[in-house]
Structures are given as structure tokens and as C-alpha cells.
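Per-entry structural report
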Amino acid sequence: MNNNFKMVAKTLFGFEELLAKELRNLGAGNVKEGIRNVSFEGDTGFMYKANLCLRTAIKIIKPIHSFSVRNENELYKKIYQMDWTGILSPDATFAIDTTLFSDVFTHSLYVSQKIKDAIVDKFRDTDGKRPDVDVKFPDMRINVHIHKEHCNISLDSSGRSLHHRGYRTATNIAPINEVLASGLLLMSGWDGQSDFLDPMCGSGTFLTEAAMIACNIPANINRKEFAFEKWNDFDEELFEKIIESSLNKTREFHHKIVGYDKAPSAVRKAIDNIANANLSEYITVERKSFFDSTKFTENHLHMVFNPPYGERLNLDMEEFYASIGNTLKQEYPGTDAWFITSNLEALKFVGLRPSRKIKVFNSHLESRLVKYVMYEGSKKAKYQNKDNG
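Conventions and cut-offs
- Residues numbered from 1 in each chain as written.
- Predicted model: local features only at pLDDT ≥ 70, side-chain atom pairs only at ≥ 80, totals over all residues.
- Heavy atoms only, no water.
- Helix = DSSP H or I, 4+ residues; strand = E, 2+ residues; numbered from the N terminus.
- Rg over C-alpha atoms; globule rule 2.2 N^0.38 Å.
- Buried < 20%, exposed > 50% of the residue type's maximum accessible area, 1.4 Å probe, protein only.
- Pairing = 2+ DSSP bridges.
- Disulfide = S-S within 2.5 Å.
- Expected span 1.5 Å × (residues − 1).
- Arc of directions from axis to C-beta.
- Axes fitted to C-alpha atoms, helices over the stretch in contact; angles between N-to-C directions.
- Parallel < 35°, antiparallel > 145°, perpendicular 65-115°, else oblique.
- Left-handed = near helix turned anticlockwise from the far one by under 90°.
- Contact = heavy atoms within 4.5 Å.
- Nonpolar A, V, L, I, M, F, W, Y, C, P; charged D, E, K, R; others polar.

1. Some words on the overall build of the chain
- Across its full length, the chain carries 10 helices and 15 strands.
- Whereas a compact globule of 389 residues would reach a radius of gyration of roughly 21 Å, the chain reaches 24 Å, a difference of no more than 12%.
- Referenced to the eigenvectors of the C-alpha coordinate spread, the extents of the chain come out at roughly 80 × 45 × 40 Å.
- Counting every position in the chain, which comprises 389 residues, the buried fraction comes to 52%.

2. Describing the pairing of strand β1 (residues 5-10)
- As paired strands, β1 and strand β3 (residues 37-42) are joined by 6 bridges and run antiparallel to one another. Residue pairing in the sheet places F5 in a bridge with G42 of β3.
- When β1 meets strand β4 (residues 59-68), the two strands line up antiparallel, connected through 3 bridges. Across the sheet, the residue bridging to K10 is K59, located in β4.

3. Brief notes about the state of the cysteines
- Applying the stated criterion across every chain yields a total of 0 disulfides.
- Between C201, a free cysteine, and C215, which holds the nearest cysteine sulfur, the sulfur-to-sulfur gap is 18 Å.

4. Structural notes on helix α7 (residues 236-247)
- The first and last C-alpha atoms of α7 sit 17 Å apart over 12 residues, in line with the 16 Å expected at 1.5 Å per residue.
- For α7, the set of buried residues is F239, I242, I243 and S246. One face of α7 carries all of its buried residues, which in axial projection span an arc of 100 degrees. Seen from the open side of α7, the exposed residues pointing more than 90 degrees away from its buried face are E237, K241 and E244.

5. Things to note about the packing of helix α1 (residues 16-26) against helix α2 (residues 44-53)
- Two elements in contact, α1 and α2, have axes separated by 11 Å at closest approach and are oriented at 130 degrees. As summarised for this structure, α1 and α2 are arranged oblique, according to the angle between their axes. You can see that α1 and α2 cross each other, and the crossing is right-handed. Contact with α1, carried on its side by E22, L23 and L26, involves F46, K49, A50 and C53 of α2 and no other residues of that element.
- Grouping the constituent residues of the contact of α1 with α2 by class yields 5 nonpolar, no polar and 2 charged.

6. Some words on the environment of E376
- With respect to the helices, strands and loops of the structure, E376 is situated in the loop between β15 (365-374) and α10 (378-388).
- When its relative accessible area of 52% is taken as the criterion, E376 is described as exposed.
- Residues E376 and N362, 14 residues apart in the sequence, show an inter-C-alpha distance of 32 Å.
- Those residues in contact with E376 that sit more than four places away from it in its chain are K295, E298, P333 and G334.

7. Digging into the sheet that holds β15
- On the basis of which strands lie adjacent, the open sheet formed by 7 strands has the order β11-β10-β9-β12-β13-β15-β14 and mixed pairing. With one partner strand each, in any of the chains shown, β11 (283-287) and β14 (356-362) form the two edges of the open sheet. Shown here is a sheet whose adjacent strand axes are inclined to one another by a mean of 20 degrees, direction ignored.
- With 3 bridges connecting them, strand β9 (residues 195-198) and strand β10 (residues 257-261) associate as parallel partners. Within the sheet, the bridge partner assigned to F196 lies in β10 and is I257.
- Packing against the sheet, helix α8 (residues 264-276) makes contact with β10 and β11, and its axis sits at approximately 165 degrees to β11.

Here it is, written out as C-alpha cells:
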């Protein structure tokens, strides 16, 4: 018997194709890319697996009802008419997250309040008892999306955003989001088949996500809780089987993952976070400036990093980016070097021509993920530099 239902995985701008590929690889059916989301089909076990394993998803939501709506009274009425008994119990707590793209409904908090009233009134009328609202730690998080006159009601199976992996307890200034880090690594083609370096590693997010990809460790294995664990129909035995099955698919990693940072506090934080993720055996972190470093391996090296932004630190951007280019040219032959920056002007000072430039967003900042291929031997590096003029 087919117990599949539709779900939607939310993601970051530009990651839709990566997420669709992840979903297909996991075994999802009817995968369709949207804008910042991918819809798919699967059963309850697959919903558990998607939350546990997907690297580029922010949330997995389960649509339960949709209808057209023209005003607030109609919204109240249609929410009231829904059968909430199988979803919520009067002893449970709930919260509502509302997203609006509508000329009719313009205040998300007001819409959330109206929906809350309808749910509470329905329980009061049928049970004589009502569930309470708990914005921070609800038993059920209800997702409302109104686009023009179309309203979708979904259950949020994830809870806190899936970038909260559970391993990062210590962070630096403006740390990179774990979902963003993982997506950038996948975009860069990182597959664990070579040595890896993050030369400005901060609190170690790229390093940790790189090791998890290399070893095929489920992205959210260290997470304390998912929202679906509080649902009425939660099947703990099935979830345990999904965890066990996913851990059985991990693989050995035969290369090195190395991180540098010149700040002792960053090195300490990175080491702590990597230990929290149980990945210390795969990753080495050293206190070192990238600009004083040389390539640590004779083999091909895959490099991904997030250089400091002008907003974060007081730097001479021209000199800093020129130093990145010089260090790559002089010390890193046989390297694919990728980094993300929102300082598009500063890229001109690297002095090398990027072979790839991909538009991404780091939080609200429009950024570029750029790739520099450093060939073996100095002739090609010199030619690259000259070619850039």
C-alpha cells in the first residue's frame, strides 16, 4: 500500500538544484524544483530520513490543506472548518509561522493571530478545552503560506531550522550557516576524494561539513530534536531504524582535512566544535596564517574558505585580496581554490581570473562563490596572472 504524501523542503537561493539531487539520491519521488524550495513525495519514514540526512534543506514541511481565501473572515471560517483533532491535542502547545505574498493580507502577525483564534475556538467548541500557544518550544509548529488568494497550511516537521546541526556550541564573528557551508562545498564539487584545506577556518564549519560529506555521515545526526518527535503519530521505532540504516551507509575517508586560523580563539572553537561532531580523527586544525603557509600535500588539494568581509574586520581589502592571489600562485600548485565573498570589488585585486563565479547569498548579502584553478608548475600560474591583465 502506498502511503506517500507530498512534502516541501525549503532551502537557500541557488541551492534548489543541489537539494533536488540530494532528494533523488535519498529516494524521493516526484521531485520538483521551485524558488527556494523543492517539492517531493515520500512516506513517514522518508520524512524522518529527509530531516536527518539532507545537507541543503532548511525545513521539511508537510502540506495538509489548501484553499482560496479573499478576506480575514473567510480565512477564520476555513481554518475553523478543518479537522484539527488528529493533528493537535487540547493539551498540546502550538505556534504559527506565516509568510505572505498578498495585497489582501499584509500583516503576518495579524494573520497568525486570526488563525490561532480559529484553532482555539474550534477546540473550545468541540472539547471544552483548548491548546496553548508556545512561540519558542511548541509541540506543533504550523506553517501558513498565503500567495495572492491561495492559502497553504502545512505542518513543520523540522522545528528549528535544519542549519542547527547540534555540533556548533562555539562561534566567531558572523559564522557561516551550516546549510550554506554544506551547499557551497557540494557546489565546489567536494566529494571526499582528495585532501582538503580551509585556510581561514574560523569556528570550523566548512571543515566539519566537509568531513561529514566525505564520510557520508547524516547532516543532522548530532541534532537533539526534530519537531516530528512531538507529533501524535511519531513512530520512535521507525525513526531508530532510519538512523541505524543511515549510519550503515557511512564510508571510510583516506585523505586529510586541515584548517588554519591565525586567531588562537578561533582554533580553540573549531577544535571544540569538531569534537562535538565526533570528527576529531579526520580533521587537523592549526594556528597559522594562510599567507605564511605552503601546500601540505604533494597530491591534488581542494580548498574552500570564507575570507573576512570588510563589515566584519578592519582590513585593507586591496592588500588582503592581493595576498590571497599571491599565496595561491606561489605556494599552492595543483589546487582548486574556492571562496565566497560579498565584496565583489575586492575580487579585482586577487590578480587571477576565476574559472567559475556563482551568485549566492550569505544571509542577506549578495555574494559570489569563485573558483581559481592553480595548475602544477609556475608557467601556467604566471600565464593566468598575465592573462588577467
